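The primary structure of each chain is shown beneath.
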Amino acid sequence: MIHQGIRLSDIVGRFGGELLGDGETRICRVATLASAGSGDLSFLSSGKYRQQLEHSAAACVILGKKDREATSKPRIVCDNPYLYFAKVSAFLNPAPEVAPGIHPSTVVQEGAQIDPMASIGPHCFVGRHAKVGRGAKIAASCTIGEHAEIGDHTLVYPGVTIYDGCILGKNCVVHSGAVIGADGFGLAMDEGKWFKIPQIGKVLIGDDVEIGANTTVDRGALDDTVIGNGVKIDNQVQIAHNVVIGEHTAIAGCTGIAGSTKIGRYCKIGGSGMILGHLNITDHVDISAGTMITKSIDEPGTYTAIYPFAPHREWLRNSAQLRHLNGLAERVRQLEKEIESLERKKS
Amino acid sequence: MIHQGIRLSDIVGRFGGELLGDGETRICRVATLASAGSGDLSFLSSGKYRQQLEHSAAACVILGKKDREATSKPRIVCDNPYLYFAKVSAFLNPAPEVAPGIHPSTVVQEGAQIDPMASIGPHCFVGRHAKVGRGAKIAASCTIGEHAEIGDHTLVYPGVTIYDGCILGKNCVVHSGAVIGADGFGLAMDEGKWFKIPQIGKVLIGDDVEIGANTTVDRGALDDTVIGNGVKIDNQVQIAHNVVIGEHTAIAGCTGIAGSTKIGRYCKIGGSGMILGHLNITDHVDISAGTMITKSIDEPGTYTAIYPFAPHREWLRNSAQLRHLNGLAERVRQLEKEIESLERKKS
Amino acid sequence: MIHQGIRLSDIVGRFGGELLGDGETRICRVATLASAGSGDLSFLSSGKYRQQLEHSAAACVILGKKDREATSKPRIVCDNPYLYFAKVSAFLNPAPEVAPGIHPSTVVQEGAQIDPMASIGPHCFVGRHAKVGRGAKIAASCTIGEHAEIGDHTLVYPGVTIYDGCILGKNCVVHSGAVIGADGFGLAMDEGKWFKIPQIGKVLIGDDVEIGANTTVDRGALDDTVIGNGVKIDNQVQIAHNVVIGEHTAIAGCTGIAGSTKIGRYCKIGGSGMILGHLNITDHVDISAGTMITKSIDEPGTYTAIYPFAPHREWLRNSAQLRHLNGLAERVRQLEKEIESLERKKS
């Protein structure tokens, strides 16, 4: 059906929205306004692409209600064009079916329980008493440690390492190079040498979690590191030992979260930032990209700390003053006193 | 012995400290105050967990001298409860014994010298003339390059790559995804194209070094990149070519250290920061998390550069002024002059 | 020839420059001034190493024209000593020849086209219809996804993952742990849950591109992520979906580039910085290390945003004022008004 395309009337039948135009029009692919050709479905989610809409060759466009008349093309009007589009895209691009079975090159240790409907690619290693659920797919060159568990329908891309005892829920996606369960960074100084604190907690990951490429989630020192259901983590994020992340929180790339910090539900954490350790971040907190959080946050809202960039010479001039800011404030206080004194004498 | 538990009197006999309470009490596990049950040993390292101590079900607690009477439970009083606890934990959670042997799926090239008491897991590749020491353990899917060396009792987790010629000392731990010895980032512009500078140095890593998951340590351009004994490096740290790191320095996650920088001994470098290239950082320097170091540091001490975060609207108002800071300082200078002039006229 | 060394006269014959000294002197290796011995060729690229030049045992030194008389040693005088040196080093340290063939442990799926002159190491996986070009070398434990393509003479180090459909050009170098083509971070909120936007674009990488260890380049959401010819990317860089990077741009380690941002040609981006999404950075822009770029840049030049570090106590005093900067500016405005009023009364 997809190869012949799907009729607009069928799309609206399945996903809702109001269709304006010929319901018999067939859609084969989804595409951006700029690159769409005939047979493609596109969408307008932001006003700034309106000019692209004008020149787009898309067969149909998904629009928000306020943009209802932005084109005379066949169109679907709905509340959230981006989400609508995503759903059609997911429908047109279904995940490939998992072909069950274990590649003969893979090494499975004694006591591992691999569901017969799971798929394990070549050159993997599955440790003693590990479990891999129904419909799960483990791609090439992965290591699933002893007593680790991979939930049903979870997809693990090539080159992922799950350390011993770590547990992933159902319907998760783990991208290549992710490392789940390495030791937390726990050290105590002992007569001039670092003594390594054993890291004997685990990582517990809920259902519907996505973990980006080369992201690391450390195992707990004593208690576990916990990632709630529906959490989405981008690439190259570092999550330290005993962090707890609430459900449906999203964390963009290159962010670091230090040990024992607890992050609430529905938070959005921008990329390249950091959250220090032993903090509590409440639910519904948005943290801007590049921001370091140094204290707990009790109030939902958006928090930011970005040093504004400037042409280098301008930055030099202004940043030099930063080293004297306290002195500058002192001088202003002094000026205020002197003015006050002058004014007093005057009157 | 561990399964029946170890008697408190035996713990004190082995690790010192003063025991208050029944020496026959047996300990099976270590745990946090909040999660400890009967049979568990816990510790109080910071006053802020005193309330947890009150409600803890731990069989015994390790306390500092000033907290000696903080509970009536069986307790061990010592100088450094965190370290004491770490040592008991290490005793109760010994590293699994290394089962010597090379997995048949592993490919070992000619001339490699693998100690008969070393263990090499499945799907590894050990290059020509590489050496792996006695009691070393290389887990699955690792590559040990030609002429690379892994010292005795060093533990390499799955999916680690050691490039040709790089040398790791004894008793090191290297976590999954770490890459030791990739080319440094050396380029020279040549008629509109980047010419790659050959990176022909190595990486030399001392004894007792820990390297976190997905951390990268580049090989030297000409001379070597050197990591001293006892250095501890967290996850996702990037160490560029020809960096030299002194003994017992600890580097937290997501930190970048640029080329040819030399860092002293016993430094502590917070996470998500950066140290520019060609700098010298003396011994015993602490660098706060998120801080960029742009100049050499000659004096021990703590150094910081963190832009304070704030609710977004407040940040907007304040950060806008940063672009005019030099102008503001100028205006204050001008005001000072005018006030002085007014005061002079007055008198 | 290299083992007996190469004569200086032959070097100058091949690479140009003016030779001062005995052309029969033979060079075996390149080295830094400090570590060079007899038989070594070194170079002086910056005045600050002149003292090392005095004590260097190097057999010959490459110098810029202004340093022509800085030594009485045999020397080669040229325009760009660093580049000259790099070329000699590349000549003396040629890449090892690629031994064609596919290791028997490697799994190659149906329809893959591997050039007979390509080399594929052990424990790799090459997916359906993937292509590997002439003289390309894929080291151990790599995954080359379905329909992915690796151009001629491209070198892929161990443990690299190339996702389905991603395309690398000729003469590229990809270091260990790099992940090319993982899903971009595309989510839409749907009744309290994140809905994953299918990421159906690819990654297209040009010729002569270098990609550092553990760097990640995400596939496009709909259109492709594109890395131009000659781009050089350091370790642990994160390039998000639909980023476009112009030719010959260089990006230092730990940098993050957010989705759909377009970067021009010949840009230099310092380490540990970030560029927000949906921006346009024109050609020939230099971005300082640690700098976050929050707006598009239309003018070539250097741009910076670094909070200056300081001893912790000094930082505390100054940074506290940052939270009141707008208030301080207000107070200065107020003072200016009052002074003006005082001066008016005076006259």
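Located above this text is the structure these notes cover.
Residues numbered from 1 in each chain as written. Chains lettered and ligands numbered in written order. Predicted model: local features only at pLDDT ≥ 70, side-chain atom pairs only at ≥ 80, totals over all residues.

## Some details on the relation of the copies chain B and chain C
So the rule is basically this: Each copy is superposed on the other by least squares, with the fit set by C-alpha atoms of residues at a pLDDT of at least 70 in both.
For these two chains of identical sequence, chain B goes onto chain C by a turn of 120° and a shift of 0.0 Å along the axis, with RMSD 0.0 Å. Taken together, the turn and the small shift mark the pair as related by a three-fold rotation axis.

## Looking at the interface of chain B and chain C
The accessible area lost on association of the parts is a frequent measure of interface size. Selection criterion: By the convention adopted here, residues are in contact when the distance between their C-beta atoms, placed from the backbone, does not exceed 7 Å. Numbering goes from the N terminus for both helices and strands, where a helix is a DSSP run of H or I of at least four residues and a strand is a run of E of at least two. At least two DSSP bridges between two strands are needed for those strands to be called paired.
On the side of chain C, 60 residues touch chain B, which itself brings 60 residues to the contact. Mapped by element, the contributors of at least two residues to the side of chain B that touches chain C are strand 21 (179–182), strand 22 (187–190), strand 23 (193–196), strand 26 (216–218), strand 38 (292–293), strand 39 (301–304), helix 4 (312–322) and helix 5 (325–346) of chain B. For the side of chain B that touches chain C, the element with the most residues is helix 5 of chain B, which contributes 7 residues. In terms of strand pairing, strand 39 of chain B meets strand 40 (residues 310–311) of chain C through 2 bridges, oriented antiparallel. Along strand 40 of chain C, the bridge assignment pairs Tyr303 of chain B with Pro311 of chain C.

## Some points on the nonpolar core
The condition is simple: To form a nonpolar core, buried Ala, Val, Leu, Ile, Met, Phe, Trp, Tyr and Cys residues must be joined through C-beta atoms within 7 Å. With C-beta atoms placed from the backbone, the exposure class of a residue follows from how many other C-beta atoms lie within 10 Å of its own: 20 or more, buried; 12 or fewer, exposed; in between, partly exposed.
Counting 344 residues, the largest nonpolar core has Val132 and Ile138 of chain A, Val132 and Ile138 of chain B together with Val132 and Ile138 of chain C as its most contacted members. Ignoring anything within four residues of it in the chain, the contact list for Val132 of chain A reads Ile114, Asp115, Ala118, Ile120, Val126, Ile138, Ile144 and Ile150 of chain A.

## Re unusual backbone geometry
Keep in mind that most residues, glycine aside, have a negative phi and that most peptide bonds are trans. Residue and element names in this part refer to chain B. If you check the backbone angles, Ser141 has positive phi at about 60° while not being a glycine. Mapped onto the elements, Ser141 comes out in the loop between strand 14 (137–138) and strand 15 (143–144). On the neighbour-count criterion, Ser141 (32 C-beta atoms within 10 Å) is buried. A positive phi angle, near 55°, is found at His284, a position not held by glycine. Turning to its location among the elements, His284 is positioned in the loop between strand 36 (280–281) and strand 37 (285–287). Here His284 falls in the partly exposed class, since 15 other C-beta atoms lie within 10 Å of it.

## Points about the interface of chain A and chain B
Our working definition: The classification used treats Ala, Val, Leu, Ile, Met, Phe, Trp, Tyr, Cys and Pro as nonpolar, Asp, Glu, Lys and Arg as charged, and all other residues, Gly among them, as polar.
Listed per partner, the contact involves 61 residues of chain A and 61 residues of chain B. If you list the elements that add at least two residues to the side of chain A that touches chain B, you get strand 22 (187–190), strand 23 (193–196), strand 38 (292–293), strand 39 (301–304), helix 4 (312–322) and helix 5 (325–346) of chain A. Split into classes, the residues belonging to the side of chain A that touches chain B amount to 31 nonpolar, 20 polar and 10 charged.

## Focus: the sheet that holds strand 25 (residues 210–211) of chain C
The strands making up a sheet associate through backbone hydrogen bonding, with each pair oriented either parallel or antiparallel. Read from one edge of the open sheet, 12 strands run 40(A)-39(C)-37(C)-34(C)-31(C)-28(C)-25(C)-20(C)-17(C)-14(C)-11(C)-8(C), paired in mixed fashion. Every interior strand has two partners, whereas the edge strands, strand 40 (310–311) of chain A together with strand 8 (101–102) of chain C, have only one. Bridge count for strand 28 (residues 232–233) of chain C against strand 31 (residues 250–251) of chain C is 2 bridges, and the pairing is parallel. Across the sheet, residue Lys232 of chain C finds its bridge partner in strand 31 of chain C, namely Ala250 of chain C.

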